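Architecture at a glance
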Amino acid sequence: MDKESDGLGADFALWKQLTDEYEKALEAMSRGEPGARERALGLSRALRQLHPVSTVNAGD
């Protein structure tokens, strides 16, 4: 993690790790690797739990 993100704490570190792993899973899906879709779905769920998406005022 770089110095700019150090102040963001553990939440950022976890988010970064999950998004990096999600990207790898998507790349594996594009190569047709077995189990890649399931990994991507699990990581997607973990990301949504970490930072739930709010639809309130989404158009603002």
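Residues numbered from 1 in each chain as written. Predicted model: local features only at pLDDT ≥ 70, side-chain atom pairs only at ≥ 80, totals over all residues. Heavy atoms only, no water.

Within the protein chain, the regular secondary structure consists of three helices and zero strands. Listing every helix and strand of the protein chain by position from the N terminus yields α-α-α. (Helix = DSSP H or I, 4+ residues; strand = E, 2+ residues; numbered from the N terminus.)

With that settled, consider the packing of aromatic side chains. The tally for this structure, following the rule as stated, stands at one aromatic pair. Relative to Trp15, the ring of Phe12 lies with its centre 5.6 Å away and its plane at 35°, an arrangement referred to as tilted. One end of the pair is Phe12 and the other is Trp15, both in helix H2 (residues 9–30) and three residues apart, which spans about a single turn. In this structure Trp15 comes out as partly exposed when scored by relative accessible area, which is 35%. (Phe/Tyr/Trp six-rings, centres within 6.5 Å; stacked < 30°, edge-to-face > 60°. Buried < 20%, exposed > 50% of the residue type's maximum accessible area, 1.4 Å probe, protein only.)

The next thing to look at is the environment of Leu26. You can see Leu26 is positioned in helix H2. Distance from Leu26 to Leu41, taken between C-alpha atoms, is 9.7 Å for residues 15 residues apart in sequence.

What follows deals with H2. In this model H2 runs 32 Å from its N-terminal to its C-terminal C-alpha over 22 residues, within 8% of the 32 Å that 1.5 Å per residue would give. Regarding H2, the residues found buried are Leu18, Ala25 and Ala28. Viewed along the axis of H2, the buried residues span an arc of 75°, placing them on a single side of the element. Packed against the buried residues of H2 are helix H3 (36–50). Once H2 finishes, Gly32 follows within two positions and takes phi at roughly 80°, a positive value. (Expected span 1.5 Å × (residues − 1). Arc of directions from axis to C-beta. Contact = heavy atoms within 4.5 Å.)

The next thing to look at is the environment of Lys16. Mapped onto the elements, Lys16 comes out in helix H2. Residue Lys16 is classed as partly exposed on the basis of its relative accessible area of 37%. In this structure, the C-alpha to C-alpha distance between Lys16 and Leu47, residues 31 residues apart in sequence, is 9.8 Å.

What follows concerns the pattern of salt bridges. Counting across every chain of the model gives three salt bridges. In this structure, Asp20 engages Lys16 in a salt bridge whose closest nitrogen and oxygen atoms are separated by 3.0 Å. Highlighted residues: Asp20 and Lys16, both in helix H2, separated by four residues, approximately one helical turn. In this structure, Glu33 engages Arg31 in a salt bridge whose closest nitrogen and oxygen atoms are separated by 2.8 Å. The class of Glu33 is partly exposed, set by a relative accessible area of 34%. (Salt bridge = Lys/Arg side-chain N within 4 Å of Asp/Glu carboxyl O.)

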